[in-house]
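Residues per chain are reported as follows:
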Amino acid sequence: MTDAPLHWHPAAAAPAIAPGELHLWHLHADGRGDDLESALALLGERQRRRALGMTHQGYRERYIRAQAGLRRVLGLYLGLPPQALGFTYGPAGKPAAAQALGVLEFNLTTTADLALVALSRGGEVGIDCEWLRPRRDLEAIARRMFSPAQVRALLATPQAERLAFFYRAWTALEADAKADGRGLFRPREPGAQVPQVIHCIPAPGHIAAVARARLPPREQWLTLELMPLAGGLAEESKS
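To keep things clear, this report deals only with the structure shown in the data block.

Rules used in this analysis
- Residues numbered from 1 in each chain as written.
- Predicted model: local features only at pLDDT ≥ 70, side-chain atom pairs only at ≥ 80, totals over all residues.
- Heavy atoms only, no water.
- Salt bridge = Lys/Arg side-chain N within 4 Å of Asp/Glu carboxyl O.
- Buried < 20%, exposed > 50% of the residue type's maximum accessible area, 1.4 Å probe, protein only.
- Helix = DSSP H or I, 4+ residues; strand = E, 2+ residues; numbered from the N terminus.
- Contact = heavy atoms within 4.5 Å.
- Pairing = 2+ DSSP bridges.
- Axes fitted to C-alpha atoms, helices over the stretch in contact; angles between N-to-C directions.
- Parallel < 35°, antiparallel > 145°, perpendicular 65-115°, else oblique.
- Left-handed = near helix turned anticlockwise from the far one by under 90°.
- Nonpolar A, V, L, I, M, F, W, Y, C, P; charged D, E, K, R; others polar.
- Disulfide = S-S within 2.5 Å.

Observations regarding the pattern of salt bridges
Right, so step 1: Under the definition given, this model contains 11 salt bridges.
Right, so step 2: A salt bridge links Asp137 to Arg135, with the shortest nitrogen-to-oxygen separation between them at 3.1 Å.
Right, so step 3: Linking Asp176 and Arg182 is a salt bridge whose minimum nitrogen-to-oxygen distance equals 3.2 Å.
Right, so step 4: The exposure class of Asp176 is buried, given its relative accessible area of 12%.
Right, so step 5: With relative accessibility at 15%, the residue Arg182 sits in the buried group.
Right, so step 6: Residues joined by salt bridges that share partners form a network here, namely Asp176, Asp180, Arg182 and Arg188.

Concerning the environment of Leu70
Right, so step 1: Mapped onto the fold, Leu70 is located in helix H3 (residues 57–78).
Right, so step 2: What Leu70 contacts, discounting residues up to four positions off in sequence, is Leu27, Phe106, Leu108 and Val117.

Concerning the sheet that holds strand E2 (residues 22–28)
Right, so step 1: Strand order in this open sheet of five strands is E1-E10-E2-E6-E5, and the pairing throughout is mixed. Where the open sheet ends on each side, the last strands, each with one partner, are strand E1 (9–11) and strand E5 (105–111). With strand direction ignored, the average angle separating the axes of adjacent strands in the sheet is 30°.
Right, so step 2: Bridge count between E2 and strand E10 (residues 222–226): four bridges; the pairing is parallel. Considered in E10, the bridge of Trp25 is made with Leu224.
Right, so step 3: In the packing of H3 onto the sheet, contacts are made with E2, E5, strand E6 (114–120) and E10, and the angle to E2 comes to roughly 140°.

Overview of the packing of helix H4 (residues 138–145) against helix H5 (residues 148–156)
Right, so step 1: Axis separation between H4 and H5 bottoms out at 8 Å; the angle between their running directions is 160°. In terms of orientation, H4 lies roughly antiparallel with respect to H5. Once H4 is placed against H5, the crossing between them reads as right-handed. Along its contact with H4, which presents Leu138, Glu139, Ala142 and Arg143, the element H5 presents Val151, Leu154 and Leu155.
Right, so step 2: Within the contact of H4 with H5, the residues separate by chemical class into five nonpolar, no polar and two charged.

Description of the pairing of strand E9 (residues 206–212)
Right, so step 1: Buried residues dominate E9, accounting for seven of its seven residues.
Right, so step 2: Alternating residues of E9 divide into His206, Ala208, Val210 and Arg212 and Ile207, Ala209 and Ala211, and every residue in both groups is buried.
Right, so step 3: With seven bridges connecting them, strand E7 (residues 125–131) and E9 associate as antiparallel partners. Bridging from a neighbouring strand, Trp131 pairs with His206 of E9.
Right, so step 4: Of the pairings in the sheet, the one linking strand E8 (residues 196–200) to E9 comprises five bridges and is antiparallel in character. Along E9, the bridge assignment pairs Val197 with Ala211.
Right, so step 5: Between E8 and E9, which pair antiparallel one after the other, the connecting turn spans five residues, and Gly205 there sits at a positive phi close to 80°.

Focus on the state of the cysteines
Right, so step 1: By the definition in use, this model includes zero disulfides.
Right, so step 2: In this structure Cys129 is not part of a disulfide, and its nearest cysteine sulfur, from Cys200, lies 7.6 Å away.

So, to be careful, I would describe these as geometric facts and stop short of saying anything about function.
Listed below in C-alpha cells is the structure:
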C-alpha cells in the first residue's frame, strides 16, 4: 500500500485544462498563506458571515485562507476577479461556481493547515485529504461507515499499519461522496457509476484521495502551488 508523494510547482497563472485532465492546487491555510485581511476581502457575503461567526481563531483563519485561495484559483481559470465569483450549492452543500457551470468542475478539501483544490473539465470530481493524527475510535467509526469487508480488512491489518489503512479508506469514502455531491449519508443513485479513486501524499503526514469517473494516471496530474497574497489586495484581484 504505497502512495506517491506529490511535487508542487509554484504558479501565478492557470494553465489551460483539457477534457480528461486533472489539475491539483496546493493552498497554504496557515500563516504561510494569504495575508488574512486581503483574503477576507475576496470572500462572498455567505462565506464572510460564516467566517466571522467562527469563535475558534485557528479554524476561522484557515477557513478564510482556504476559501480565498479557492476563489483565486477559480478566478485564474475563468479570467474573473476572485470576489466577483458567485456560487450555487447542491443538496448536500457542494458548491459550484455559477460562471463555470458545465465547463469547470472543482472540489476543495482542508485538513489542519493544508488545503487542496481539484479541478476537472467535463466530469464531476471529489477530493479529500486527512492529516494522519492518532485516533482511539477507529474501529467504531469503521463499523459505522465502512463496508463489512473493509472492517474485516482493518481489523486484520497489523496495529502499526492500522492508522494509515483507516485514513486511506476514509479519504476514498469522502472523495467518492464529494464527487457527485451526495454527501456521506445519502445513497448513490441507482445505476450511477462508481468513480475511480486514486490516492497520493500531498505533504508529509497526510493522505489524499481523488475521485472521478475516470482519472488519468497519477504521473499525468498537474500539481500547482498557489503563491500567497502579500499585504493588500493582490494585482490579480484587480484584473
